[in-house]
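The primary structure of each chain is shown beneath.
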Amino acid sequence: MKKIPQDFLFDPIFKRRISKETLMKLNSGDKDQSAKLAWLIGYVLKFKQIDLSANSTPAFDILKEKSLDLYRRNKPSLLQRFNIRKIAVASTILLIVGLCGYWFGKSSFLISSESQVQVIEFSTPKGQQSELTLPDGTFVALNYDSRIKYRINNNKNLQEVELDGEAFFYVTKIKSRTFRVITGDMNVNVLGTQFDVRAYANDSHTETTLFEGSVEIKDIPYQEHSVLLKPGEKWLFRKDDHYQTVVQVDPMLSTLWRTGEYYFEKVTLGEIAKTLERMYRVNIHFLDSSLENELYSGSVYQSDEIGKLFEIIGLTIPIDVRRNGADVWLSKR
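Residues numbered from 1 in each chain as written. Predicted model: local features only at pLDDT ≥ 70, side-chain atom pairs only at ≥ 80, totals over all residues. Heavy atoms only, no water.

Engineer: Before we go on, may I ask you to explain the overall build of the protein in this structure?
Structural biologist: Helices and strands together make up the secondary structure of the protein, namely 9 helices and 19 strands. The buried share of the protein, taken over its 333 residues, is 47%. The contacts of the protein with a sequence gap of at least 6 include a subset with a gap of at least 24, amounting to 51%. Total accessible area on the protein stands at roughly 17,200 Å², and carbon and sulfur atoms take up 50% of it. (Helix = DSSP H or I, 4+ residues; strand = E, 2+ residues; numbered from the N terminus. Buried < 20%, exposed > 50% of the residue type's maximum accessible area, 1.4 Å probe, protein only. Contact = heavy atoms within 4.5 Å. Areas by Shrake-Rupley, 256 points an atom, 1.4 Å probe, with all protein chains shown as cover.)

Rendered as structure tokens:
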């Protein structure tokens, strides 16, 4: 079977060989076009943060045009393999951004069409985190078991991202452009800022923590008014009774997860269990349901073996732990 670009890009030997020198050897001869396209994409992904400016440069323009020409000539097979349906891709950069999830963050992606709007999806499985840069320049760190949809449309005044899970955003400030994060419980509007959103569908609460700038939380269920956050504030929303509050916090504690650490302050063991399931790729079962309401304060680290972690939790909550493979059973001691 003839290879296509991603066959080369996922080959570790091929990735190690990518360099400026090999890129310069590409020509318009009869060499395999898929391999040539893979060299071009691979070079951008490998060196874009080192020697390619975000601004347009002559070198980058030449590279983009060469790869775009190759992309057009290979378009039928690429469309079929990448599940792109009814989309007129205007630039190779879209393809490069999609592949970037695999290259750097090892996350999955899909480019699809929804009402003629281009959508790029990124996701991370349990036990894995990812960092990526969206086409508009926004930096995103995705936590365990999280996914986002990035909608590419012609509205230059609005950019929307759908989130299920947890993500830290560093939004590039563009004058007169609103960046919106859509979750199942609310929308977050920003102009340019750093903030963290935790919005897992199966969690009992949703929260947003602001680091820098300002955000407006809108469309909150059963709430008439929006909420404006200042740096160092966290907005919390309970799904069961629709209670909401804004509290002063150390925002750095909300992104400790990026280093494999979680800090909990008076959080129920039932909620902590959901985080541990995502961190360790396990299933936690409570043999005594009352344990789910026990409160715990302290840090947990992914680098610690889960058995050791429960020993620490057991110092304040009397629990017995039994494990069989990916299943963990908790009972009262």
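Once you've had a look at it, read on.
Engineer: Any chance you could explain helix H8 (residues 269–280) here in plain terms?
Structural biologist: Residue pairs three or four apart in sequence face the same way in an α-helix, which turns once every 3.6 residues. Over its 12 residues, H8 runs 16 Å from end to end, which matches the ideal 16 Å to within 8%, given 1.5 Å per residue. Among the 12 residues in H8, 11 count as buried, and that is most of the element. What H8 keeps buried is the set Leu269, Gly270, Glu271, Ile272, Ala273, Thr275, Leu276, Glu277, Arg278, Met279 and Tyr280. Phi turns positive, to about 55°, at Arg281, one or two residues after H8. (Expected span 1.5 Å × (residues − 1).)

Engineer: So what exactly am I meant to see when it comes to the environment of Val190 here?
Structural biologist: Mapped onto the elements of the fold, Val190 is located in strand E8 (residues 187–190). The exposure class of Val190 is buried, given its relative accessible area of 2%. Once the C-alpha coordinates of Val190 and Lys173 are considered, the two residues, 17 residues apart in sequence, prove to be 8.8 Å apart. When residues no more than four places from it in sequence are discounted, the contact partners of Val190 are Val171, Arg177, Thr178, Phe179, Phe195, Ser214 and Val215.

Engineer: Whenever I open this one, the environment of Glu305 confuses me. Can you help?
Structural biologist: Note on placement: Glu305 falls in the loop between strand E17 (295–301) and helix H9 (306–313). Placed 25 residues apart in sequence, Glu305 and Tyr280 show a C-alpha to C-alpha distance of 8.9 Å.

Engineer: Hey, could you run me through the pattern of salt bridges in this one?
Structural biologist: Pairing of side chains with opposite charge becomes possible as their charged atoms draw close. A full pass over the atoms with the stated rule returns 15 salt bridges. Notably, a salt bridge pairs Asp136 with Arg177, separated by 2.9 Å at the nearest N-O pair. Placement of the pair is Asp136 in the loop between strand E3 (130–133) and strand E4 (139–142) and Arg177 in the loop between strand E6 (158–170) and strand E7 (178–182), with a sequence separation of 41 residues. Two residues, Asp185 and Lys239, come together in a salt bridge whose shortest N-O distance is 3.7 Å. Taken together, the residues Asp185 in the loop between E7 and E8 and Lys239 in the loop between strand E13 (233–238) and strand E14 (244–248) connect sequence positions 54 residues apart. Residue Asp185 is classed as buried on the basis of its relative accessible area, which comes to 14%. (Salt bridge = Lys/Arg side-chain N within 4 Å of Asp/Glu carboxyl O.)

Engineer: What exactly am I supposed to notice about the sheet that holds strand E16 (residues 283–286) here?
Structural biologist: Pairing between the strands of a sheet is mediated by backbone hydrogen bonds and can be parallel or antiparallel. Ordered in space as E16-E19-E18, the 3 strands form an open sheet in which the pairing is mixed. The open sheet terminates on both sides in strands that have one partner only, identified here as E16 and strand E18 (319–324). Strand-to-strand twist across the sheet, computed as the mean angle between neighbouring axes with direction ignored, equals 25°. Sheet topology note: the E16/strand E19 (residues 327–332) ladder contains 4 bridges and is parallel. Note on E19: the bridge partner recorded for Ile284 is Val328. Contacts from H8 reach E16, E18 and E19, with the element oriented near 160° to E16. (Pairing = 2+ DSSP bridges. Axes fitted to C-alpha atoms, helices over the stretch in contact; angles between N-to-C directions.)

Engineer: What's the story with the nonpolar core in this structure? I'm lost.
Structural biologist: In a soluble, globular protein the nonpolar side chains are often hidden away together inside. Of all hydrophobic cores here, the largest spans 29 residues; its most connected members are Leu134, Ile148, Phe169, Val188 and Phe195. At 4 residues, E6 tops the list of elements feeding residues into this core. Apart from the residues within four sequence positions on either side, Val188 is in contact with Phe179, Arg180, Val181, Phe195, Val197, Thr208, Val215, Glu216 and Ile217. (Core = buried A, V, L, I, M, F, W, Y, C linked by side-chain atoms within 4.5 Å.)

Engineer: Quick question: what am I supposed to make of the layout of surface pockets here?
Structural biologist: It is a probe the size of a water molecule, rolled over the atoms, that shows where empty space is left. Here the second largest pocket is characterised by a volume of approximately 760 Å³. Considering the residues around the second largest pocket, the lining is formed by 27 residues, among which Glu207, Lys234, Leu236, Glu265 and Val267 are closest to the centre. Elements supplying a minimum of two residues to the lining of the second largest pocket: strand E9 (194–199), strand E10 (205–212), E13, strand E15 (261–268) and H8. Looking at the lining of the second largest pocket element by element, the count peaks at 8 residues for E15. Of the residues assigned to the lining of the second largest pocket, the class counts are 12 nonpolar, 5 polar and 10 charged. (1 Å grid on protein atoms, 1.4 Å probe; cavity = no way out; pocket = protein on both sides within 12 Å on 5 of 7 lines; lining within 4 Å. Points joined across faces, edges and corners; volume = space filled by probe spheres on them. Nonpolar A, V, L, I, M, F, W, Y, C, P; charged D, E, K, R; others polar.)

Engineer: Would you mind going over the pairing of E19 with me for this structure?
Structural biologist: Regular strands place side chains that alternate from one sheet face to the opposite one. In this sheet, E19 lies alongside E18 in antiparallel orientation, the contact comprising 6 bridges. Residue pairing in the sheet places Asp320 in a bridge with Ser331 of E19. The turn joining E18 and E19, which pair antiparallel and follow one another in sequence, is formed by 2 residues; a positive phi near 65° is taken by Gly325.

Engineer: I keep staring at the pairing of E6 and nothing clicks. Help me out?
Structural biologist: Extensive coverage of E6 is indicated by the burial of 10 of its 13 residues. The sheet contact formed by E4 and E6 spans 4 bridges and is antiparallel. Counterpart to Ala141 in the pairing with E6 is Phe168. Pairing geometry for strand E5 (residues 146–152) and E6, over 4 bridges, is antiparallel. Residue pairing across strands places Ile148 opposite Leu163, the latter belonging to E6.

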